[in-house]
Structures are given as C-alpha cells and as structure tokens.
Amino acid sequence: MARKINVIDLYIDKSADFAKPILTHLRDLVHVACPLVEEKIKWGFPHFDFKGEMMCSMAAFKNHCAFGFWKASLMKDKHQLFNANEAMGHLGKITSLKDLPTDKIMLAYIKEAMQLNIDGVKLPTKKKSNSIIVRVPDYFIAALKENQSAEKQFTAFSPSHKKEYIQWITEAKTETTRNKRVETALEWIAEGKGRNWKYERK
C-alpha cells in the first residue's frame, strides 16, 4: 500500500475538529480504492495522484470540507452526486460524515477516476482564444467565497486586473508567502483596488 505522507497528516491535524474525521475517512477510502495512490500537497491542500496524473483532492475550510475529482467532467456520475456550483469540489459542502455518499458508492467513484488514469484518458484541451483567459485557483475561489465584498469586486474586475492578482499569488515561492498574498489581495480587492494600485496615477 502507498505511503501516507506527513504533510497531509499535519494538514488534517491543523483542520477544524469537525473536519478531521471527514478528511481522515476520505483519505482512507482513496487508499482502499487505489492502493498505489501517491499523496501530494498542491495549491495548499491534499491531492491524490495515480499513474503520474491528478486523480482527486480534498480540502478543509472554516465550516465545511470539499472533495473533487480532477477528471469529473469525464466521469459517468451514476448517482448524480456532482454539484460544482455549491462549493469547491464535486460533492457539495461536507460538514459531517453523514453528508458523504456510502463507502460503496465513494469507492466506485474513486475506482472510476483511477481507471481513467490507467487508460490514459486526458481532459479535452481548451481552444485557444485571443482574449485574456484567467484561471482562478480553487483555493482562491474558496477564499473569495469567505469574503463577500472581495468576491463582488473581483467578479466586476476586468480580465487583466484579475490576471495581475492571480499571477502574483500563484508565483509565490512558499505556501506561507502565498497565504499572505491571498490575505493582502482580499483586503485590496474588497476596497476595489487593482494589484498595482500604488503605482496607478491618481
């Protein structure tokens, strides 16, 4: 069975009390379904890779947890569990173990995601466009949802303004630096300021 890494142990230990049993259970299910899974921390939260590709991930927030599949758009979703609009991930806001599907269903979904990686199935490539495309990381989307003022302002920003913030945040060399930049960004965005507001002509 694949090794569980300490950095994810620490992530779980630092999570809110309600989240610890949820994250632990989800992690165990992934290992049961995919014994050769590889654990990693990406974008600040736990990911599970298989065959060199991302397979699924989980995260804890102040009041809920989230779990998602990297190739969810290619999965059958037989039990119609996916609800990407409600929260980050695909299972909605998970506040207790009771919010999760049965272990049997979860194992089946994880095995389906695993099979996609075994078969080498790739996500469809997005068509290139001349317009500015801004991909907002999931962790920043989650942070914005916790700050309504910032979320409203960010939504109204031009693509170029959004891109400046996202580049600044994602270029952080360490998680600590990235978290500080996220905090600062939320403060500035809530005030309607662009990333380079200090240098803008008044």
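What counts and what doesn't
- Residues numbered from 1 in each chain as written.
- Predicted model: local features only at pLDDT ≥ 70, side-chain atom pairs only at ≥ 80, totals over all residues.
- Heavy atoms only, no water.
- pLDDT = per-residue confidence, 0-100.
- Helix = DSSP H or I, 4+ residues; strand = E, 2+ residues; numbered from the N terminus.
- Salt bridge = Lys/Arg side-chain N within 4 Å of Asp/Glu carboxyl O.
- Buried < 20%, exposed > 50% of the residue type's maximum accessible area, 1.4 Å probe, protein only.
- Phe/Tyr/Trp six-rings, centres within 6.5 Å; stacked < 30°, edge-to-face > 60°.
- Pairing = 2+ DSSP bridges.
- Axes fitted to C-alpha atoms, helices over the stretch in contact; angles between N-to-C directions.
- Parallel < 35°, antiparallel > 145°, perpendicular 65-115°, else oblique.
- Contact = heavy atoms within 4.5 Å.

A few points about the confidence of the model for the protein chain
Then, in step 1: Confidence in the prediction of the protein chain, expressed as mean pLDDT, is 88, and 90% of residues score 70 or more.
Then, in step 2: Confidence, expressed as mean pLDDT per element, reaches its minimum in the protein chain at helix α6 (residues 159–170) with 88 and its maximum at helix α2 (residues 19–33) with 97.

Things to note about the pattern of salt bridges
Then, in step 1: The full count for this structure, using the stated rule, is 10 salt bridges.
Then, in step 2: Residues Glu191 and Lys193 are paired through a salt bridge, measuring 2.8 Å at the closest nitrogen-oxygen approach.
Then, in step 3: The exposure class of Glu191 is partly exposed, given its relative accessible area of 46%.
Then, in step 4: Since its relative accessible area comes to 23%, Lys193 is described here as partly exposed.

Some remarks on the packing of aromatic side chains
Then, in step 1: As enumerated under the stated definition, the model contains 9 aromatic pairs in all.
Then, in step 2: With 6.3 Å between their ring centres and 0° between their planes, Phe157 and Tyr165 make a pair best called stacked. An identical accessibility class is assigned to Phe157 and Tyr165; each is buried.
Then, in step 3: Between the aromatic rings of Trp168 and Trp188, the centroid separation amounts to 5.8 Å while the plane-to-plane angle is 10°, which identifies the pairing as stacked. Of this pair, Trp168 sits in helix α6 while Trp188 is found in helix α7 (residues 175–190), placing the two residues 20 residues apart along the sequence.
Then, in step 4: Looking at Trp188, the relative accessible area reads 12%, which means it is buried.
Then, in step 5: An aromatic cluster of at least three residues, connected via ring pairs, comprises Phe67, Phe69, Phe82 and Tyr109.

A few points about the pairing of strand β2 (residues 45–50)
Then, in step 1: The buried fraction of β2 is high, at 6 of 6 residues.
Then, in step 2: Inspection of the sheet shows strand β1 (residues 38–42) paired to β2 by 5 bridges, in the antiparallel sense. Bridge pairing in β2 links Ile41 to Pro46.
Then, in step 3: What sits between the antiparallel neighbours β1 and β2 is a turn of 2 residues, in which Trp43 has the positive phi angle 55°.
Then, in step 4: Of the pairings in the sheet, the one linking β2 to strand β3 (residues 53–60) comprises 4 bridges and is antiparallel in character. Of the residues in β3, the one forming a bridge with Phe48 is Cys56.

Some remarks on unusual backbone geometry
Then, in step 1: Even without glycine at this site, Asp77 takes up a positive phi of about 50°.
Then, in step 2: Relative to the assigned elements, Asp77 resides in the loop between β4 (65–69) and α3 (103–118).
Then, in step 3: What makes Asp77 buried here is its relative accessible area of 15%.

Here's the deal with the packing of helix α5 (residues 148–156) against α7
Then, in step 1: It is the contact of α5 with α7, at a shortest axis distance of 8 Å, that shows an interaxial angle of 70°. When the axes of α5 and α7 are compared, the pair comes out roughly perpendicular. Every residue of α7 that contacts α5 at Ser149, Ala150, Gln153 and Phe154 is listed here: Leu186, Ile189 and Ala190.

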